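# Per-entry structural report
The chain contents come next:
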Amino acid sequence: MSQQQTADDVSVDEIPIDISNTQSGDIDPADVPDEIESITRGLASEQPPTNPIVVLKAARWWYIHGKGGTDPAFQWAIEWARHLATDTPSDVERFDEFLEYLVTVGFADETHELR
């Protein structure tokens, strides 16, 4: 199934990117595509994704639709991809900020619900 792209909906894969709503920082959980929500929740879980390409797909979406390079979901996805690529420990403080951000966005009421 082919998807036509318009000037307001440009993407390199099946996940749409709403150009008119880029780096607004205002994320409504209902606006997060199912695949990105699944990957994001996975990044918060006890068994996060182990494919860096999948993780970077979520990072890209959060960078574009969130707060750019300062978006905590983007930063954690990049941190996790770095961990996967280099097998070095990840930054626990960045993970905690990511969980708190997901609560702020509305993915859960409490951080422990994400784990």
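### As for helix α4 (residues 92–105)
Every α-helix winds through 3.6 residues per turn, so residues three or four apart in the chain are directed the same way. In this model, α4 (14 residues) spans 20 Å end to end at C-alpha, consistent with the 20 Å of a helix rising 1.5 Å per residue. Taken residue by residue, α4 has Phe95, Phe98, Leu99, Tyr101, Leu102 and Val105 as its buried positions. In a view along the axis of α4, the buried residues occupy a sector of 160°, so they form one face of it. Set apart from the buried face of α4 by more than 90 degrees, the exposed residues are Val92, Glu93, Glu100 and Thr104. Where α4 begins, the side chain of Asp91 points an oxygen toward the backbone nitrogen of Glu93, at a separation of 3.0 Å. One or two residues past the end of α4 sits Gly106, with phi positive at roughly 115°.

### Some words on the pattern of salt bridges
Evaluation of the coordinates by the stated rule reveals four salt bridges. When the shortest N-O distance is used, the salt bridge between Arg82 and Glu79 registers 2.6 Å. With Arg82 and Glu79 both in helix α3 (residues 72–86) and three residues apart, the pair spans about one turn of that helix. We classify Glu79 as buried; its relative accessible area is 9%.

About the thresholds
Throughout, residues of each chain are indexed from 1 in the direction in which the sequence is written. Local features in a predicted model are, by the rule used here, given only for residues with pLDDT of at least 70; side-chain atom pairs are given and counted only at 80 or more, and totals for whole chains, interfaces and linings are based on all residues. The side-chain figures draw on all heavy atoms in the structure; neither hydrogens nor water molecules are used. Helix and strand assignments come from DSSP, with helices taken as H or I runs of at least 4 residues and strands as E runs of at least 2, each series counted from the N terminus. Expected helix span is given by 1.5 Å per residue-to-residue step, counting one fewer step than there are residues. Classification of residues uses two cut-offs on accessible area relative to the type maximum, computed with a 1.4 Å probe and protein chains only: under 20% is buried, over 50% is exposed, and between them is partly exposed. Along the arc lie the directions from the helix axis toward the C-beta atoms. Polar contacts, as counted here, are pairs of nitrogen or oxygen atoms within 3.5 Å of one another; within protein the pair requires one atom able to donate a hydrogen and one able to accept it, and residues that are adjacent in sequence qualify only if both atoms are side-chain atoms. Any carboxyl oxygen of Asp or Glu within 4 Å of a side-chain nitrogen of Lys or Arg constitutes a salt bridge here.

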